[in-house]
Amino acid sequence: FADGGTAAAILCLAAVGSALTLIVASVLNADEANGALIRNGIIGALLTITSGIALVVAFGLVGAALGRLISQGIMGLLNVRSANRRVEHLVTAGWMVRIGLAATAGALVTEAMGWWMPGGLPALMLSLIAGGVAYCLAAVILLPLADEERKRLLILLKDRPAMIRQAASWLLTVGRAG
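Bear in mind the structure is a predicted one, so any value in this text is a computation, not a measurement.

**A look at the overall build of the protein**
The number of helices and strands found in the protein is six helices and zero strands. Walking the protein from its N terminus toward its C terminus, one meets helices and strands in the order α-α-α-α-α-α. When burial is assessed residue by residue, the protein has 34% of its 178 residues classed as buried. The long-range fraction of contacts in the protein, counting pairs at least 24 apart against all pairs at least 6 apart in sequence, stands at 75%. Put simply, the protein shows about 10,500 Å² of open surface, and 71% of that area lies on carbon and sulfur atoms. Across the protein, 13 positive and 9 negative side-chain charges occur, with their mean positions spaced 2 Å apart.

What follows is the structure, encoded as structure tokens:
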């Protein structure tokens, strides 16, 4: 598990590309732009295979994570570009920078925890959880919700277990728009 923390940190960053794709896919589907999704998906698959093979040979587990970061990042950007062509200013550069900063915070915490707590799978899992919490906090602070959005989310959470409701309520309060 020596390279596990670094690979996990890199995969935290790669998740930004996946998140971008998930966000804009519904817009592209609604606008009947599935051709763009298919084209971008094929490009992403080819990039995943080629960068994965090339980087795994050179860097092992970390190379596999780097390949994923490259392919997911490019695919996310292609999907954002396709969606922004359909709906102007759907995803702004400022929003993408803030998401990138939140992902970087999560990745750095994951990596730091991996170095601070050496030792096997439990340490790796704890570093992933800490990185996820850091990402959530950074995202909530960097991307505050409007009061109306916050109220809608709290209504959606009303039937969830108490622990989830309390954690979500706290997170929604931390990022309160000023």
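There's plenty left to go through after this.
**A short note on the nonpolar core**
Core analysis: the largest hydrophobic core is formed by 13 residues, its most contacted members being Val 16, Leu 20, Val 24, Leu 28, Val 80 and Val 91. For this core, the secondary structure elements donating two or more residues are α1 (4-30), α2 (34-86) and α3 (93-116). Setting aside residues no more than four positions away along its own chain, Leu 20 makes contact with Gly 76, Val 80, Val 91, Trp 95 and Met 96.

**Quick notes on the confidence of the model for the protein**
Looking at the protein as a whole, the pLDDT averages 80, with 93% of positions reaching at least 70. Averaged pLDDT values over the elements of the protein bottom out at 74 in helix α6 (residues 162-174) and peak at 88 in α2.

**A closer look at the environment of Ile 43**
Relative to the assigned elements, Ile 43 resides in helix α2. Among the residues examined, Ile 43 registers a relative accessible area of 32% and is labelled partly exposed. Along the primary structure Ile 43 and Ile 74 are separated by 31 residues, whereas in three dimensions their C-alpha atoms are 8.8 Å apart.

Cut-off values and rules
Residues numbered from 1 in each chain as written. Predicted model: local features only at pLDDT ≥ 70, side-chain atom pairs only at ≥ 80, totals over all residues. Heavy atoms only, no water. Helix = DSSP H or I, 4+ residues; strand = E, 2+ residues; numbered from the N terminus. Buried < 20%, exposed > 50% of the residue type's maximum accessible area, 1.4 Å probe, protein only. Contact = heavy atoms within 4.5 Å. Areas by Shrake-Rupley, 256 points an atom, 1.4 Å probe, with all protein chains shown as cover. Lys, Arg positive; Asp, Glu negative; His and termini not counted. Charge placed at Lys NZ, Arg CZ, Asp CG, Glu CD. Core = buried A, V, L, I, M, F, W, Y, C linked by side-chain atoms within 4.5 Å. pLDDT = per-residue confidence, 0-100.

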